[in-house]
Amino acid sequence: MSALDSQSLPVEHKALHVPGLDEVAKVLEAGLAKNFAEAKVEVVDCPDLRAWGLAAEGLGGATRLFDVGGVPYLMPTPKKEKLYDMKDYPKLTDMEKGGFVIGAGAGPWPYLNRNAEMMPNLAVNEDGSIIQKTKISRTFDEDDRYACMDLPDSETRNAVLGNLFLSEGKPGKVLKICCKNRTGSKNFVSCMRETLVDHYGEQAVGMGGVFKILSGKVKIHVMPDFSPCPITSDAEVNQWLKFYEVPTPFTVLSTFISRDPGLDLRVEHSHGWGEAEVSSGGHYHYDTTPQQVQYLGYYNLADFIYRLDKPVDTHTFGRD
């Protein structure tokens, strides 16, 4: 099945509040210190993230968040026709010379003829060529196993939903975030987002980047194939999903926004993959060994939020 014609899809966007990185570093460090025994946030030159498996060097230049489709296209029943092409994403967000796309989404179901998690990670060049580092994670119905795998260069589709951070992939200043020994109940991403909510209130601040969980274990989920029965509540979502505890190191692509400025957004979403001998990958929930956990992340602020193909008939379940 071909992806939808991107020119036929509705797109809207809004400018975000963009404080200085130094200010955000202080705000986040204070908030993270309430949830971790050790927390440090500083402004640094972005390291070469290609060493972490990313498709571009940095997180700088023309930064924006991009919310594609949504959970209402996955449930109660899947809208399989909602199939997008990630090669179109830079132009859809007014990046005429290409861009670097990372984040969390649903995999291209026609590729495996089934639903899957996806870790979008590709650089789209001005001539339309790509550097493809995207991974997907799928389950097996017969025994609840799952596997994480690379997508080929020829497969750039994204089904039903995606939460992305786009940039020019340039080096530049970013936030380096280090945390150890979780003492509170919030996961790494939620703690940062809720810290921004508390500090900036009605001003919407968006961020995207990558983090590694360097030690401990992690709870993730992997979506099985599309449900044959309608899903209508968070309880039914949790019955449908397949949950796993996986080892570290675990690399996670992450986006979040402090508040929804009226675009029906998923306010945080993070997908990652493991580096252990047994392949792992999926939707990040939280670490399960708080006294052992160590996080290291690099994030940048987004200048804009873009919204593609916002569902008309919406709901709020299934967005954890």
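Note that this is a predicted model, so its numbers are computed, not measured.

## A few points about the packing of aromatic side chains
As enumerated under the stated definition, the model contains 11 aromatic pairs in all. Seen in terms of ring centroids, Phe66 and Tyr89 are 5.0 Å apart; in terms of plane orientation they differ by 80 degrees. Their pairing is edge-to-face. Residue Phe66 is located in strand β3 (residues 64-69), and its partner Tyr89 is located in helix α2 (residues 89-92); the two are separated by 23 residues in the primary sequence. As far as burial versus exposure is concerned, Phe66 and Tyr89 are alike and both buried.

## Here we look at helix α1 (residues 21-32)
For α1, with 12 residues, the first-to-last C-alpha span of 16 Å sits near the 16 Å given by 1.5 Å per residue. Turning to α1, its buried residues number three or more, namely Leu21, Val24, Ala25, Val27, Leu28, Gly31 and Leu32. Contacts made by the buried residues of α1 are with β2 (36-45), β12 (173-182), α4 (188-200), β13 (206-215) and β19 (294-302).

## Some points on the nonpolar core
Counting 37 residues, the largest nonpolar core has Phe66, Leu74, Met75, Tyr89 and Leu308 as the members making the most contacts within it. Sorting the residues of this core by element identifies β3, β4 (83-85), α2, β5 (99-106), β7 (121-124), β11 (157-167), α5 (234-240) and β20 (304-308) as the ones contributing at least two each. Top element by residues in this core is β11. It accounts for 5 residues. Core analysis: the second largest hydrophobic core is formed by 35 residues, Val27, Tyr146, Val222 and Leu301 among them.

## Comments concerning the sheet that holds strand β14 (residues 217-222)
Sheets are built from strands that pair by backbone hydrogen bonding, the pairs being arranged parallel or antiparallel. Spatial ordering of the open sheet is given by β2-β12-β19-β13-β16-β17-β18-β14-β15, a layout of 9 strands whose pairing is antiparallel. The outermost strands of the open sheet, each flanked by one partner alone, are β2 and β15 (242-247). For this sheet, the mean inter-axis angle between neighbouring strands, taken without regard to orientation, is 30 degrees. Here β14 pairs with strand β18 (residues 281-287) via 4 bridges, running antiparallel. Of the residues in β18, the one forming a bridge with Lys219 is Tyr286. Seen against the sheet, α1 touches β2, β12, β13 and β19 and runs at an angle of roughly 170 degrees to β2. Running over the sheet, α4 touches β2, β12, β13, β16 (250-257), β17 (268-274), β18 and β19 and is turned about 25 degrees from β16.

## Considering the layout of surface pockets
Approximately 270 Å³ is the volume found for the largest pocket. Lining of the largest pocket is provided by 18 residues; of these, Gly99, Phe100, Val124, Glu168 and Gly169 occupy positions nearest its centre. Those elements giving two or more residues to the lining of the largest pocket turn out to be β5 and β7. Partitioned by chemical class, the residues of the lining of the largest pocket number 8 nonpolar, 4 polar and 6 charged.

Cut-offs applied
- What you see as residue numbers is a count from 1 along each chain, following the sequence as written.
- With pLDDT at 70 or above as the cut-off, local features in this predicted model cover only qualifying residues; side-chain atom pairs require 80 or more to be listed or tallied, and sums for whole chains, interfaces and linings still use all residues.
- Hydrogens are left out, water is left out, and the side-chain values use all remaining heavy atoms of the structure.
- Only rings of Phe, Tyr and Trp enter the pairing, Trp through its six-membered ring, and a pair is recorded when the two centres are within 6.5 Å. The plane angle decides the type: under 30 degrees is stacked, over 60 is edge-to-face, the rest tilted.
- Under the DSSP-based scheme used, a helix requires at least four consecutive residues in state H or I and a strand at least two consecutive residues in state E, with every element numbered from the N terminus.
- Each residue's exposure class comes from its accessible area (1.4 Å probe, protein chains only) as a fraction of the maximum for that residue type: buried when under 20%, exposed when over 50%, partly exposed otherwise.
- Expected span, for any helix, means 1.5 Å times one less than how many residues it has.
- We call two residues in contact when some of their heavy atoms are within 4.5 Å.
- Put simply, buried Ala, Val, Leu, Ile, Met, Phe, Trp, Tyr and Cys residues joined by side-chain atoms within 4.5 Å make one nonpolar core.
- Strand pairing requires that DSSP identify at least two bridges connecting the strands.
- Where helices are involved, their axes are fitted lines through C-alpha atoms of the stretch in contact, as for all axes, and angles between N-to-C directions lie from 0 to 180°.
- With a 1 Å grid spanning the protein atoms alone, the term cavity applies to any set of points in which a 1.4 Å probe fits but cannot get out, the term pocket to an open set with protein on both sides within 12 Å along at least five of seven lines, and the term lining residue to any residue with an atom within 4 Å of a point.
- Grid points are joined across faces, edges and corners, and a volume is the space filled by probe spheres set on the points.
- Charged means Asp, Glu, Lys or Arg here, nonpolar means Ala, Val, Leu, Ile, Met, Phe, Trp, Tyr, Cys or Pro, and polar covers whatever is left, Gly included.

Honestly, it's all geometry; don't read function into it.
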